[in-house]
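# Residue-level structure breakdown
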Amino acid sequence: MRYVQIDTQSDPLSDTNPTTEKQKKLSHLLAEELQGMGITDAHMDEWGYVYATIPSNTVKQVPVICFCSHIDTAPDASGAGVKPILHKAYDGKPITLPDDNTQVLTPEMHPYLKKLAGHDIITASGTTLLGADDKAGVAEIMDAAHYFMTHPEVKHGAIKLLFTPDEEVGRGTAKLDLQNLGAQFGYTLDGGAAGSLEDETFSADGVQLIIHGVITHPGDAKDKLVNALKIGGEVLALLPKSSLSPETTEKREGFVHPTRIEGIAERCTIEFIIRDFVTAGLKKKEELLQSLVDLVMERHPKATYEFKITEQYRNMKEVLDGHPNVVHYARIAIERRAAKPMLRAENNADVHAGFF
Ligand SMILES: [Zn+2]
């Protein structure tokens, strides 16, 4: 309830690190609170990352692990003036948010709410994000740190804690110092249903298509002018609709998704995101897109184009498969809490990671 009241919204248009200075306010507070628990190396660095170590209290040789969460909230809705509301022993009925009564949380829209009847839950008031993504993760890690520091009888290896800015705008690891972190592996704790566990994501590329038309004065344009905007429109019209599109696919199905278009008659730029759970599948989709572009460009021999592929990120499963214990231990931990691990592979999972 305290952490969500600190505005930590990140900004995709900023080129500073962190993207917004205000995120440091929460980072600073977390470092201070960890210090207050007796975690003496807790500190915030110049980029707003918080690093801390709960020292090992066992003589056993165990790996150094990390728990991580992000402190920023998404740019989609206001992060300022958040008024969290605690619903004690939630009655399972629809919740009308008081500051905007058109905002109603219903179990039909959010089936997970059904499972929360009888629990205490926290919502926003209707005009802002709550920011539970990922201040729920922050609070869990802070609480776990407090527990370990006050229960020395619970044995564990060294535990590294990490809080990062700017995850929602795709730059959460921009200034991360893995060497300094010094963990062998780690777990991100983030918003989601109890027991959910994700060990794979898409592999992701971006494609930028720039179409160069031929410009002349419209009064003297016959058989000369080639309009790049119209060519861009033809490319978009040729894209698959009932397949390879996020709006018509689910789960492990990849896609070719135009995210942005801009231009003038002589030059049109279209940005795409390409997603596939199998990295090799990205290439196939890029070849398909290229072939559609070629098809259109053949109709306009005087126009030219550039087709630039940028690597964005890769499915973590490709690395995790070489270290099966990382996921295995997480499953055991969830099962010990009498929950059934729910492995998810959702084709919209990276929306969360901020790749818009
Ligand atoms: Zn998150």
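Going by the structure above, here's the rest.
The sections below set out a description of the structure shown in this document.

Conventions adopted
Residues numbered from 1 in each chain as written. Predicted model: local features only at pLDDT ≥ 70, side-chain atom pairs only at ≥ 80, totals over all residues. Heavy atoms only, no water. Buried < 20%, exposed > 50% of the residue type's maximum accessible area, 1.4 Å probe, protein only. Helix = DSSP H or I, 4+ residues; strand = E, 2+ residues; numbered from the N terminus. Pairing = 2+ DSSP bridges. Salt bridge = Lys/Arg side-chain N within 4 Å of Asp/Glu carboxyl O. Axes fitted to C-alpha atoms, helices over the stretch in contact; angles between N-to-C directions. Contact = heavy atoms within 4.5 Å. Core = buried A, V, L, I, M, F, W, Y, C linked by side-chain atoms within 4.5 Å. Parallel < 35°, antiparallel > 145°, perpendicular 65-115°, else oblique. Left-handed = near helix turned anticlockwise from the far one by under 90°. Nonpolar A, V, L, I, M, F, W, Y, C, P; charged D, E, K, R; others polar.

### Concerning the pairing of strand E11 (residues 203-212)
Counting buried positions along E11 gives eight out of ten residues, so the element sits mostly inside the fold. Two elements, E11 and strand E14 (residues 304-313), share nine bridges in a ladder whose sense is antiparallel. Its bridge partner lying in E14, Asp205 is registered against Glu311.

### Some points on the pattern of salt bridges
Following the criterion strictly, the structure yields 17 salt bridges and no others. Asp276 is the partner of Lys285 in a salt bridge, and the nearest nitrogen-oxygen pair spans 2.4 Å. Here Glu311 makes a salt bridge to Arg314, at a shortest N to O gap of 3.6 Å. Within the structure, one salt-bridge network assembled from shared partners comprises Asp205, Glu311 and Arg314.

### Quick look at the sheet that holds strand E13 (residues 267-276)
Pairing within the open sheet is antiparallel, and its four strands lie in the order E12-E13-E11-E14. Looking at which strands have only one partner, the edges of the open sheet turn out to be strand E12 (255-264) and E14. Each adjacent strand pair in this sheet contributes to an overall mean axis angle of 15°, direction not counted. As paired elements, E12 and E13 share nine bridges and run antiparallel to each other. Among the inter-strand pairings, Gly263 is bridged to a residue of E13, identified as Cys268. Of the strands in this sheet, E11, E12 and E13 are in contact with helix H4 (residues 228-238), which crosses E13 at around 20°.

### A closer look at the nonpolar core
Among the nonpolar cores identified, the biggest contains 21 residues, and Leu209, Ile211, Ile231, Val235, Phe272, Ile274 and Leu289 are the most heavily contacted of them. Residue assignment for this core shows that the elements contributing at least two residues are E11, H4, E13 and helix H5 (279-298). For this core, the leading source of residues is H5, giving six residues. Once you skip the residues sitting within four places of it in the chain, Phe272 turns out to touch Asp205, Gly206, Val207, Leu209, Val235, Leu239, Val256, His257, Pro258, Thr259 and Leu289.

### Comments concerning the packing of helix H1 (residues 23-36) against helix H2 (residues 132-150)
Axis separation between H1 and H2 bottoms out at 11 Å; the angle between their running directions is 15°. It follows that H1 is roughly parallel to H2 by the angle criterion. As for the relative orientation of H1 and H2, their crossing is right-handed in sense. Here Leu26, Leu30, Glu33 and Leu34 of H1 come into contact with H2, specifically with Lys135, Val138, Met142 and Ala145. Looking at the contact of H1 with H2 residue by residue, the classes come out as six nonpolar, no polar and two charged.

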